[in-house]
Amino acid sequence: MSLDFRGLNPQQRQAVEHGDGPLLLLAGAGTGKTRVITYRIARLIARGVPAEHILAVTFTNKAAREMRERLTALLSPAQVKDLTASTFHSFCAKILRARIPRLGYGRNFDIASDSYQLGLVRNVMSELGLTQNGLTGRDYLQMISMAKSRLLTPDQVTSSNGSWSPGLPDVYALYQRRLKNMDLVDFDDLLMLVVQLWQTHPKELDAHRQRYQHLLVDEYQDTNAVQFELMASLAGSIANICAVGDDDQSIYGWRGADVTNILHFEEHFPNAAVIRLEQNYRSTETILNAANQVIAHNRERHPKKLWSKNGTGEPILVVSTEDETAEATFAVDFIRDRWATRGGGLNQFAILYRSNHQS
């Protein structure tokens, strides 16, 4: 089977054709990373790797569906039928459905809803006499989620140097015990329990390594400690792992994402190849030059410089207004003027704001 690579630029093609071993694909915004991931999977299949041995992990179900649809168009439904393309949570849930009894849970476990988790934590707080310490049930749930994203058990939270709030180890421990007694897991448990399964039952890890011999991880800059451990364990010493991401687009540290996963990829996976996708297909040179100069101030980053063949484009206009009313008036007048003088529809305009209340 031959694939047509004529639509790929040299760096994209280099990433698609990279052989075995670890690969870090630094894909700047608008550089066609989904296309590259799709073609790389297609090439693996074309060179004889069974689709069932390939695991592609994304952060949304929509992205996983899009990847499968693109692959089906490139190859055929039969060729991609056994490919695993899913989110971290869906992938781990599938493993647990078959293997969770080894951890003392029933095979028909349920995933606790957000409202149930909140009610359970509030009951635990009441039992422990922690309802008057200024922290809410949602505060404790967020801390428990953060601890799990860092692969910390209640005992480890107790002994860790993190600035955890008073009572968290006890709330976390009792909350977890109650969930298990009712054959319930929360969303974070789906990942953490698979790590525990592989750590306590090495044969399970070996079996999954045999099954998933080529790994592709999208949005790698947004992975946290537990997601890194999952992929690093699965990759093993062979390390056929392709991590795709951009440290310049890391914005989820507040919910546990650890940008050092991508910054230190070459330390985690020695002899890794690093390929940069820098040709942007979305923006003009003016926009990219401004973005390059702003992001260059980041202290820790992989150096890269986005560029485009889309021409210089219009200058960037920066406007300072007295208050939110003047800001809204300016936006309306600007759109009305452009709409009146240039024609076209309002669907050509987009307004971005930092928080929903500004809408």
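Residues numbered from 1 in each chain as written. Predicted model: local features only at pLDDT ≥ 70, side-chain atom pairs only at ≥ 80, totals over all residues. Heavy atoms only, no water.

Draft legend 1. Structural detail: the overall build of the protein. What the protein contains, in helices and strands, is 16 helices and 10 strands. Overall, the C-alpha framework of the protein stretches about 65 × 60 × 35 Å when taken along its three principal axes. Out of the 359 residues in the protein, the part that is buried amounts to 43%. For the protein, the share of sequence-separated contacts (at least 6 apart) that also reach a separation of at least 24 residues comes to 75%. Put simply, the protein shows about 19700 Å² of open surface, and 49% of that area lies on carbon and sulfur atoms. (Helix = DSSP H or I, 4+ residues; strand = E, 2+ residues; numbered from the N terminus. Buried < 20%, exposed > 50% of the residue type's maximum accessible area, 1.4 Å probe, protein only. Contact = heavy atoms within 4.5 Å. Areas by Shrake-Rupley, 256 points an atom, 1.4 Å probe, with all protein chains shown as cover.)

Draft legend 2. Region of the structure containing the nonpolar core. Counting residues in hydrophobic clusters, the biggest one holds 40 residues, and the most contacted among them are Trp198, Leu230, Met231 and Ile241. Put simply, the parts of the chain that give this core at least two residues each are strand E1 (23–27), strand E2 (54–58), helix H5 (88–99), helix H10 (187–200), strand E6 (214–217), helix H12 (225–235) and strand E7 (241–245). Residue contacts for Leu230: discarding those within four places in its chain leaves Phe88, Cys92, Leu191, Val194, Val195 and Trp198. If you look at the next biggest cluster of nonpolar residues, it comprises 30 residues, including Val16, Ala51, Ala56 and Ala85. (Core = buried A, V, L, I, M, F, W, Y, C linked by side-chain atoms within 4.5 Å.)

Draft legend 3. Quick look at unusual backbone geometry. In this structure, Asp183 takes a positive phi of about 55° despite not being glycine. Topologically, Asp183 is positioned in the loop between helix H9 (168–181) and strand E5 (184–185). Despite not being glycine, Ala239 has its phi angle at roughly 55°, a positive value. Looking at the secondary structure, you find Ala239 in the loop between H12 and E7.

Draft legend 4. Broad picture of a negative patch on the surface. Taken together, the side chains of Glu322, Asp323, Glu324 and Glu327 define an acidic patch exposed on the protein surface. Structurally, Asp323 can be placed in the loop between strand E10 (307–308) and helix H16 (324–342). (Patch = residues over 30% accessible without salt bridge, like charges linked within 9 Å, V, L, I, M, F, W, Y side chains within 5 Å. Salt bridge = Lys/Arg side-chain N within 4 Å of Asp/Glu carboxyl O. Lys, Arg positive; Asp, Glu negative; His and termini not counted. Charge placed at Lys NZ, Arg CZ, Asp CG, Glu CD.)

Draft legend 5. Inspection of the side chain of Thr223 at higher detail. With respect to the helices and strands, the residue Thr223 is situated in the loop between E6 and H12. By relative accessible area, which is 1% here, Thr223 ends up buried.

Draft legend 6. Structural context of the packing of aromatic side chains. Applying the stated criterion to the full structure yields 8 aromatic pairs. On the basis of an interplanar angle of 55° and a centroid distance of 6.2 Å, the ring pair of Tyr252 and Trp254 is categorised as tilted. The class for Trp254 is exposed, based on a relative accessible area of 62%. Centre to centre, the rings of Phe265 and Phe269 are 4.8 Å apart; their planes meet at 40°, and the pair counts as tilted. Taken together, Tyr220, Phe228, Phe265 and Phe269 form an aromatic cluster joined through their ring pairs. For the cation-ring pair, Arg97 lies above Phe109, with the distance from its terminal atom to the ring centre recorded as 3.8 Å. (Phe/Tyr/Trp six-rings, centres within 6.5 Å; stacked < 30°, edge-to-face > 60°. Lys NZ or Arg CZ within 6 Å of the ring centre and 35° of its normal.)

Draft legend 7. Molecular detail of the packing of H10 against helix H11 (residues 202–211). At a closest axis distance of 4 Å, the pairing of H10 and H11 adopts a crossing angle of 110°. In terms of axis orientation, H10 runs roughly perpendicular to H11. Residue-level contacts link Leu197, Trp198, Gln199 and Thr200 of H10 to Pro202, Glu204, Leu205 and His208 of H11. Partitioning the contact of H10 with H11 into residue classes produces 4 nonpolar, 3 polar and 1 charged. (Axes fitted to C-alpha atoms, helices over the stretch in contact; angles between N-to-C directions. Parallel < 35°, antiparallel > 145°, perpendicular 65-115°, else oblique. Nonpolar A, V, L, I, M, F, W, Y, C, P; charged D, E, K, R; others polar.)

Draft legend 8. View of the packing of H5 against H12. At their nearest, the axes of H5 and H12 sit 12 Å apart, and the two run at 60° to each other. One element, H5, and the other, H12, form an angle in the oblique class. Crossing angle aside, the handedness with which H5 passes H12 is left-handed. Across the interface between the two elements, Phe88, Phe91 and Cys92 of H5 pack against Gln227, Leu230, Met231 and Leu234 of H12. (Left-handed = near helix turned anticlockwise from the far one by under 90°.)

Draft legend 9. The pairing of E7, seen in detail. With 5 of 5 residues buried, E7 is to be regarded as a mostly interior element. Alternating positions in E7 separate into two faces, Ile241, Ala243 and Gly245 on one and Cys242 and Val244 on the other, with burial throughout. Looking at chain direction, E1 and E7 are connected through 4 bridges and run parallel. Bridge pairing in E7 links Leu24 to Ala243. Handedness of the crossover joining E6 and E7 through H12: right-handed. (Pairing = 2+ DSSP bridges. Right-handed = clockwise from strand over helix to strand, strands pointing away.)

Draft legend 10. Spotlight on the state of the cysteines. For the structure on display, the rule yields 0 disulfides. Not engaged in a disulfide, the cysteine Cys92 finds its nearest cysteine sulfur in Cys242; these two sulfurs lie 19 Å apart. According to the relative accessible area criterion, Cys92 is buried, its value standing at 0%. (Disulfide = S-S within 2.5 Å.)

Draft legend 11. Representation of helix H2 (residues 33–46). Here H2 is 14 residues long and its end C-alpha atoms lie 20 Å apart, about the 20 Å a rise of 1.5 Å per residue gives. Listed as buried for H2 are Lys33, Val36, Ile37, Thr38, Tyr39, Arg40, Ile41, Ala42, Leu44 and Ile45. Positive backbone phi, approximately 110°, marks Gly48, located one or two places after H2. (Expected span 1.5 Å × (residues − 1).)

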